[in-house]
Amino acid sequence: MTSRPDVSAVKAALRTQAIETPSWAYGNSGTRFKVFAQPGVPRTPQEKLDDAARVHEHTGVAPTVALHIPWDRVEDYPALAQHAKERGLRLGAINSNVFQDDDYKLGSVCHPDAGVRRKALRHLLECVDIMDATGSRDLKLWFSDGTNYPGQDDIRARQGRLAEALAAVYERLGDDQRMLLEYKFFEPAFYTTDVPDWGTAYAHCLRLGEKARVVVDTGHHAPGTNIEFIVALLLREEKLGGFDFNSRFYADDDLMVGAADPFQLFRIMYEVVRGGGFTSDVAFMLDQCHNIEAKIPAIIRSVMNVQEATAKALLVDREALSAAQASGDVLAANAVLMDAYNTDVRPLLAELREDLGIDPDPVAAYHRSGWAQKITDERVGGTQAGWGA
Ligand code: AOS
Ligand code: ZN
Ligand code: ZN
C-alpha cells in the first residue's frame, strides 16, 4: 500500500529551498592549462550580482550569492549588500582565500613560518569583519594547505597550527555566525592535505563548538566514496553546515552539479530530507566553474538539477520504505527508493514555477531575455578578479 507524499506537500517543501550561487561561477575560469575567456563576463562584484539576479529571477530559489575575498573585495560592503537587495538578492557566505598569495607556497595557517600563519589569520579575521558588514551568517574556510613529499613537514605539528588558527577565528565569530570547514582529499597538495576528509574536519569542528560545522563539497572525495553516508552521519551529529555542490568524473572538476551522477545527487538529497536537514541550517551552495559552457544558463541548470534531486527525494514513500527495511525485504526497500528516483519530476517543478509566477522552463526563458547579448555589448574591457584574473 503506497503512501507517497502528495504533490502539494512536495511543492510546499520545494518552495522553502534556497540554493546559493557563487560569485566566482559568473566570472572567467579555467584549468591550470588555460582560461577560455567568455564575452560579457562580470568585471566587478556588482556585475556578478547583476548576473546572479537573473538566475534568481528565472528559478525563484537562488536568493543569495556567496562572495570570495579578495576577488570580491570592495570599499563599501553595506553598499554592495544594498546593490544585492535592489536586485532581490542577499549576500551569502564569505569565502576566505589563503591559497593564492606567493607567501602561501608551503601553506597558510599550517605554514612552518609563524609570520605567514599570522598573515593568513589576519585574512580570516578580515573575512569575519566583512561578515559583520554584509550580514552574512557563514564563513567558508577551505585550506589548500598540505605537503608534496614525505618528510616535508610535520603532519602532527600542522594539525596543531590549524587548530590554533581555527580557535582564534571561532573566538571572533558573533553569536549568529558560523564557520564552515571544508575538506578536500587532495589538490593542490599531492602528498598530504591538512583538511583532507570529513573526519578531520569533523574532529576540528567538534573541538571548536556548535558554531563550527563541516562543508561537504561533492567533488572533494576519492572515487567511489559514499558521500550520502557522510551526509547522514554529519546530520545525525548536527555538524553538517552545508554543501558545495558540483559534479565530478575524476577529481575536483567543478562541473554542473547533477551532470555526472544524478543518482548520487538524489541519494545525497534523500539523506538530507530523511535527516531533517531540509532546513535553513544546511546551506545548499554551488561551487562550480563553467570553463567552456555559458555561465548563467549553466548555473540555472545546476539550480534546476538540485531541485529535481530534491523533489525526487521528497517523493520517497518513507512509510513503505521503513516497513520494507524493518522486515528485511531488500528488494522492496530498494524498489521504493528507485521508484522515487525514476519519477519524472519535471512536470511537478514546471507547475511549481508557474505557481511562483515564473516561466516553467528557466533556461529557455533566460535565452529569450536577451541578457547574454546585453552584457556582451555592454561589458567591454576589464577583467574581474578571481580564477580568470
Ligand atoms: C576548492 O577546491 C574548494 O572547493 C573551495 O570551496 C572553492 O572552490 C574555492 O574557495 C574557490 O572558489
Ligand atoms: Zn568547495
Ligand atoms: Zn573544490
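Before any of the text, the structure's been laid out above.
Presented here is a report on the structure given in the accompanying data block. (Residues numbered from 1 in each chain as written. Chains lettered and ligands numbered in written order. Predicted model: local features only at pLDDT ≥ 70, side-chain atom pairs only at ≥ 80, totals over all residues. Heavy atoms only, no water.)

### Some remarks on the environment of Trp24
Item 1. The topology assignment puts Trp24 in the loop between β1 (19-22) and α2 (45-59).
Item 2. Not counting chain neighbours up to four residues away, the residues in contact with Trp24 comprise Ala66, Leu67, His68, Trp71, Asn95, Lys140, Leu286, Asp287, Gln288 and Trp387. (Helix = DSSP H or I, 4+ residues; strand = E, 2+ residues; numbered from the N terminus. Contact = heavy atoms within 4.5 Å.)

### Remarks on the site of ligand 1
Item 1. Near ligand 1 there are 13 residues, and of these His68, Glu182, Lys184, Asp252 and Asp287 occur at the shortest range.
Item 2. Contact distances for ligand 1 include 2.6 Å between an oxygen atom and a side-chain N or O atom of Glu182.
Item 3. Compared with its free state, where it exposes 310 Å², ligand 1 has 97% of that area covered by protein.
Item 4. Given that more than half its atoms are within 2 Å of the pocket grid, ligand 1 belongs to the largest pocket. (Near = heavy atom within 4 Å. Polar contact = N/O pair within 3.5 Å; in protein donor to acceptor, adjacent residues only side chain to side chain. Areas by Shrake-Rupley, 256 points an atom, 1.4 Å probe, with all protein chains shown as cover. 1 Å grid on protein atoms, 1.4 Å probe; cavity = no way out; pocket = protein on both sides within 12 Å on 5 of 7 lines; lining within 4 Å. Sits in = over half its atoms within 2 Å of the grid points.)

### Details of the coordination of the zinc ion (ligand 3)
Item 1. Around the zinc ion (ligand 3), the protein contributes the donor atoms His220 (NE2) and Asp252 (OD), at 2.1 Å from the metal centre.
Item 2. In this structure, the zinc ion (ligand 3) is surrounded by four donor atoms whose angles at the metal cover 76 to 161°, and the resulting shape is irregular. (Donors = N, O, S within 2.8 Å, 3.2 Å for Na, K, Ca; no water. Tetrahedral: all angles 85-135°; square planar, octahedral: opposite > 155°, others 65-115°.)

### With respect to the coordination of the zinc ion (ligand 2)
Item 1. Of the protein atoms, only Glu182 (OE), Asp217 (OD), Asp244 (OD) and Asp287 (OD) coordinate the zinc ion (ligand 2), at distances of 2.0 to 2.2 Å.
Item 2. Between the six donor atoms coordinating the zinc ion (ligand 2), the angles at the centre fall across 75 to 169°, so the site counts as octahedral.
Item 3. Read in sequence order, the donor residues for the zinc ion (ligand 2) give the motif E-x34-D-x26-D-x42-D.
Item 4. Distance-wise, the zinc ion (ligand 3) is placed 3.8 Å from the zinc ion (ligand 2). Remark: Asp244 occurs in strand β9 (residues 240-245) and Glu182 occurs in strand β6 (residues 178-182); sequence separation between them is 62 residues.
Item 5. According to the relative accessible area criterion, Asp244 is buried, its value standing at 1%. (Buried < 20%, exposed > 50% of the residue type's maximum accessible area, 1.4 Å probe, protein only.)

### Regarding the packing of aromatic side chains
Item 1. With the rule as written, the count across this model stands at twelve aromatic pairs.
Item 2. Taking 6.1 Å as the distance between ring centres and 5° as the angle between the ring planes, the aromatic pair formed by Phe243 and Phe284 counts as stacked. A residue pair is termed long-range when its members are at least 10 positions apart, and Phe243 in strand β9 and Phe284 in strand β10 (residues 283-286) qualify at 41 residues. Of the two residues, Phe243 and Phe284, both sit in the buried class. (Phe/Tyr/Trp six-rings, centres within 6.5 Å; stacked < 30°, edge-to-face > 60°.)

### Side note on the sheet that holds β1
Item 1. Around the barrel, eight strands lie side by side as β1-β2-β3-β4-β6-β8-β9-β10; this closed barrel has parallel pairing. Strand-to-strand twist across the sheet, computed as the mean angle between neighbouring axes with direction ignored, equals 30°.
Item 2. Judged from the four bridges that link them, β9 and β10 form a sheet pairing that is parallel. Across the sheet, the residue bridging to Gly242 is Ala283, located in β10.
Item 3. Lying on the sheet, helix α9 (residues 295-314) is in contact with β1, β9 and β10; it crosses β1 at an angle near 155°. (Pairing = 2+ DSSP bridges. Axes fitted to C-alpha atoms, helices over the stretch in contact; angles between N-to-C directions.)

### Some thoughts on the pattern of salt bridges
Item 1. What the rule picks out here adds up to 29 salt bridges.
Item 2. For Asp252, the salt bridge identified is with Lys184, shortest N-O distance 2.9 Å. Separated by 68 residues along the polypeptide, Asp252 in the loop between β9 and α8 (262-274) and Lys184 in the loop between β6 and β7 (192-193) bring together distant segments of the chain. With respect to burial, Asp252 and Lys184 carry one shared label: buried. (Salt bridge = Lys/Arg side-chain N within 4 Å of Asp/Glu carboxyl O.)

So, to be careful, I would describe these as geometric facts and stop short of saying anything about function.
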